[in-house]
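Each chain, letter by letter, is given below.
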Amino acid sequence: MRRTLTERILHGNTGEYVDAHVDRAYVHDGTGVLTLASFREMGVPIGIDPSRISVLFDHICPANNGITADLQRELRQYASSTGVFFSDCGGGICHQIMSEGVILPGEVVVGADSHSCTGGAFGAFATGVGATDMAAIWASGETWFRVPETIGITLEGSLSGGAEAKDLALSIVSRLGMEGATYAALEYTGPGSEAIDMDGRLCICNMGVETGAKNAIFYADAVCREYLAGYGHAIDIQTPEDCSYRQELTIDLDDLVPLVTVPHRVDSARPVADLQGTEVDQVLLGTCTNGRYSDLWRFAGIVRGSKVKVRTIIVPASASVLLRATQDGIIADLIAAGCMVVTPGCGPCLGIHSGVLGEGEVCLSTANRNFKNRMGVGGSIYLASPATAAATALTGYITEPEVFHV
Amino acid sequence: MCKGTVICLGSDIDTDLVIAGRYLRTKDRAVWAAHVFEDLDPALAPRLSGAVIVAGRNFGCGSSREQAPIALKEAGVAAIISPLFARIFFRNAINVGLPVLEADISSCSDGDEIRIDLEAGSFELGGTTYPFTPLSPRMREILNAGGLVNYWRGKA
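Here the structure is a predicted model, which means the values were calculated and not measured.

What follows is about the overall build of chain B. When helices and strands are tallied, chain B shows six helices and seven strands. Its helices and strands taken in sequence order, chain B reads β-α-α-β-α-β-α-β-β-β-β-α-α from the N to the C terminus. Put simply, chain B has 156 residues, and 52% of those count as buried. Residue pairs in contact within chain B that sit at least 24 positions apart in sequence constitute 67% of those at least 6 positions apart.

So, on to the domain arrangement of chain A. Residues and elements named next belong to chain A. Entries for chain A in the domain assignment read domain 1 (5-146), domain 2 (150-255) and domain 3 (260-404). The distance between the C-alpha centroids of domain 1 and domain 2 comes to 23 Å. Every contact between the two is made by 20 residues of domain 1 and, on the other side, 25 residues of domain 2. Those elements that provide at least two residues to the side of domain 1 that touches domain 2 are helix H1 (5-10) and strand E6 (125-128).

So, about the sheet that holds strand E2 (residues 51-54) of chain B. Residue and element names in this part refer to chain B. Strand order in the open sheet formed by seven strands is E4-E3-E2-E1-E5-E6-E7, and the pairing between neighbours is mixed. Of all strands in the sheet, those with a lone pairing partner are strand E4 (100-102) and strand E7 (128-131), marking the two edges. Averaged over all neighbouring strand pairs, the angle between strand axes comes to 30 degrees, with direction disregarded. Looking at chain direction, E2 and strand E3 (residues 79-82) are connected through three bridges and run parallel.

A few words on the interface of chain B and chain A. Contact residues are listed per partner, giving 35 residues for chain B and 41 residues for chain A. Going through the elements one at a time, helix H1 (15-18), helix H4 (87-95) and helix H6 (148-153) of chain B are the ones with two or more residues in the side of chain B that touches chain A. For the side of chain B that touches chain A, the element with the most residues is H4 of chain B, which contributes five residues. Here the residues of the side of chain B that touches chain A sort into twelve nonpolar, nine polar and 14 charged.

Attention now moves to the sheet that holds strand E4 (residues 85-87) of chain A. Residue and element names in this part refer to chain A. With parallel pairing, five strands are arranged side by side in an open sheet as E4-E3-E2-E5-E6. Lying at the two open borders of the sheet, with one neighbouring strand each, are E4 and E6. Neighbour-to-neighbour, the strand axes of this sheet turn through a mean angle of 15 degrees, independent of strand direction. One ladder, built from three bridges, connects strand E2 (residues 24-28) with strand E5 (residues 108-111); its direction is parallel. Pairing of Ala25 across the sheet is with Val110, part of E5.

This part is about the pairing of strand E1 (residues 2-8) of chain B. By the bridge criterion, four bridges tie E1 of chain B to strand E5 (residues 113-117) of chain B in an arrangement that is antiparallel. Paired with Lys3 of chain B across the strands is Arg115 of chain B, a residue of E5 of chain B.

To continue, consider the packing of helix H2 (residues 29-42) of chain A against helix H3 (residues 66-82) of chain A. Residues and elements named next belong to chain A. Closest axis-to-axis distance for the H2/H3 pair is 10 Å, and the angle between their directions is 70 degrees. Relative to H3, the element H2 is oriented roughly perpendicular. In the crossing of H2 with H3, the sense of the turn from one axis to the other is left-handed. Between H2 and H3, the contacting residues are Asp29, Gly32, Val33 and Leu36 on the first element and Leu71, Gln72, Leu75 and Tyr78 on the second. Here the residues of the contact of H2 with H3 are counted per class, giving five nonpolar, two polar and one charged.

Residue and element names in this part refer to chain B. Side chains Ala79 and Ile81 project from E3 onto one buried face, and the interleaved Ile80 and Ser82 project onto a second face that is buried too. Where E3 meets E4, three bridges bridge the pair, whose relative direction is parallel. Paired with Ile81 across the strands is Leu101, a residue of E4.

Rules behind the numbers
Residues numbered from 1 in each chain as written. Chains lettered and ligands numbered in written order. Predicted model: local features only at pLDDT ≥ 70, side-chain atom pairs only at ≥ 80, totals over all residues. Helix = DSSP H or I, 4+ residues; strand = E, 2+ residues; numbered from the N terminus. Buried ≥ 20, exposed ≤ 12 C-beta atoms within 10 Å, placed from the backbone. Contact = placed C-beta atoms within 7 Å. Domains from an automatic or database assignment. Pairing = 2+ DSSP bridges. Axes fitted to C-alpha atoms, helices over the stretch in contact; angles between N-to-C directions. Nonpolar A, V, L, I, M, F, W, Y, C, P; charged D, E, K, R; others polar. Parallel < 35°, antiparallel > 145°, perpendicular 65-115°, else oblique. Left-handed = near helix turned anticlockwise from the far one by under 90°.

See the structure below:
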């Protein structure tokens, strides 16, 4: 019988409940504290090879106050004493570090964070759970899943003009709606998908959860193989079978234009042209959606040699991204253009530090969520691509990237 | 069997609205209970003791924060009913021992009395008995144990 990629990886048919062996289990400083508390309360030993567990600090890094510092210290001490993989403050966002040669095609990857669907870019089943579910994975190395129905998304053509992978991600969330894929898998195929680089695929899979999806997945192809070869991995290509989908969607990438998602719903994308002129107080480039090297590269290509007109915060997704962008001179260009560069991690996305919004303030952000008050009480968030963010930073109002000859 | 007083809420209530990110850096459950729904309606928190929330679609979307169902349970919410829950919230609620029931309700108002029979898989509201989608056997076991920590404690 022909199966979706998710069915193949979970070894089950749609609708069945399975106990899945978890290949990679990871937490961050936010959820890890609760995971450790639940795990200790369970009173059971670690039932999984510690090398399959990762603890990656990213949410409030470095700590913003003594309470955060104390919570982080407890988890840091535990991680250091158990032989799990540990990345301290400054290392970067958990999803990005897992994407730097850790997650491999065909794996079952579970993170204690909703954006753990990011890793599906590698042809892995990657999904998010809560802290106590993760504690049970520490205890057993397994967790249960209902094998999801799959929504097939066929991509045709190629991105052109100012449109980027982020615009595709925003478009898909709006087409499906905030609950359009609840409990389902999003599976990307078609010639257009092969034309999207790994950073773009990570961005698209990252936003899968905004439709309610359990996971989002691309097939591991030559692009994926080349990316992972850079980390010393030799992988087998995954080939789609002629399987049945619950719903099918075809998107011609040539038709895509730069989009901006307006407050406070993540399924409200409109062409940037419709919002042109909307004033902003702050621009954010970063997060697990768009803090990767290629995002910084595109942003710097637009602001290089000019000065930003509003406060502009750059949060590289990981130390590796920051290092590469430093060595290539991108960081110098960004600073010369008047941007702030802060510690790799989640930055102000969740409204705790490094750029929290004040009452009535507006941020154009490359993140994945624009929920009410998320970045600060009374603040409003517009979501867009790195190119649109760069153009907006230069003018101080929402601006199409094409204005700057992108 | 549990009883409660209905509080009706809208659709797409995300976990940031249940408990804001600025209150997450603690392990003190009382803090979460005190600030639950603060950005949705600050008047809600004191009314949650003994309440059954009847929400619109997609309740609990967004962040995986387990503090969201913990805050609701700690504030005294007896159960939540929605036609469709976001999946991580749904798992988290069961894992912390908070009943979540998937069901369509034709109409209800704040203050209505509701009686839930978890074993029978139904609840009674305004003279009508509604079925809810049965939980999987595993989820029932976890809920009956009072949550996933207790479920595992039993295996220790």
